[in-house]
Amino acid sequence: MKKRQVVLKSGRISTTSSSRIRNVRYGECQKNHAADIGGYAVDGCREFMASSAEGTNGALTCAACGCHRNFHRREVETEVVCEYSPPN
């Protein structure tokens, strides 16, 4: 996504172009498999791996542990790139 912004300062016009890059990664599974007996136990799955291609129902199920993607810890990495061109 590219965004253009015009900033006015002291009568001078400058143009700033910025883009934001987001990478989402799903880490270890945090589902408590012993919740119904009052305990706490996780299965040890270290990273979400989709069980089928993107856009299908299986894309939300982990191939390693069988849990839904929402049980895996979400890690969002955001990078903002700004380009500045001074006025002529």
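Worth saying up front: this structure is predicted, and the values here are computed from it rather than measured.

The rules behind each value
- Residues numbered from 1 in each chain as written.
- Predicted model: local features only at pLDDT ≥ 70, side-chain atom pairs only at ≥ 80, totals over all residues.
- Heavy atoms only, no water.
- Phe/Tyr/Trp six-rings, centres within 6.5 Å; stacked < 30°, edge-to-face > 60°.
- Helix = DSSP H or I, 4+ residues; strand = E, 2+ residues; numbered from the N terminus.
- Buried < 20%, exposed > 50% of the residue type's maximum accessible area, 1.4 Å probe, protein only.
- Lys NZ or Arg CZ within 6 Å of the ring centre and 35° of its normal.
- Disulfide = S-S within 2.5 Å.
- Core = buried A, V, L, I, M, F, W, Y, C linked by side-chain atoms within 4.5 Å.
- Contact = heavy atoms within 4.5 Å.
- Salt bridge = Lys/Arg side-chain N within 4 Å of Asp/Glu carboxyl O.

1. A few points about the packing of aromatic side chains
Working step 1: Taken as a whole and judged by the stated rule, the model has one aromatic pair.
Working step 2: Look at Tyr26 and Phe48: their rings are 6.0 Å apart centre to centre, the planes differ by 65°, and that puts the pair in the edge-to-face class. In this pair, Tyr26 is assigned in strand β2 (residues 12–29) and Phe48 in the loop between β2 and β3 (72–85), connecting sequence segments 22 residues apart.
Working step 3: By relative accessible area, which is 16% here, Tyr26 ends up buried.
Working step 4: Directly above the aromatic system of Phe71 lies the positively charged group of Lys31, at a separation of 5.1 Å from the ring centroid.

2. Section: the state of the cysteines
Working step 1: Per the counting criterion, the structure on display carries zero disulfides.
Working step 2: Cys45 carries a free sulfur, and the closest cysteine sulfur to it, the one in Cys62, is 3.8 Å from it.
Working step 3: Relative accessible area serves as the criterion here: at 10%, Cys45 is assigned to the buried category.
Working step 4: Cysteine Cys65 is unpaired, with the sulfur of Cys67 as its nearest cysteine sulfur at 3.7 Å.
Working step 5: The class for Cys65 is partly exposed, based on a relative accessible area of 23%.

3. Some words on the nonpolar core
Working step 1: Core analysis: the largest hydrophobic core is formed by six residues, namely Tyr26, Cys29, Cys45, Phe48, Cys62 and Cys67.
Working step 2: Apart from the residues within four sequence positions on either side, Phe48 is in contact with Tyr26, Gly27, Ala59, Leu60, Thr61, Cys62, Arg69 and His72.

4. Quick notes on the pattern of salt bridges
Working step 1: Counting across every chain of the model gives four salt bridges.
Working step 2: We note a salt bridge from Arg25 to Glu47, for which the minimum N-O separation is 3.8 Å. Of this pair, Arg25 sits in strand β2 while Glu47 is found in the loop between β2 and β3, placing the two residues 22 residues apart along the sequence.
Working step 3: According to the relative accessible area criterion, Arg25 is partly exposed, its value standing at 37%.
Working step 4: Accessibility expressed as a relative area gives 39% for Glu47, which makes it partly exposed.

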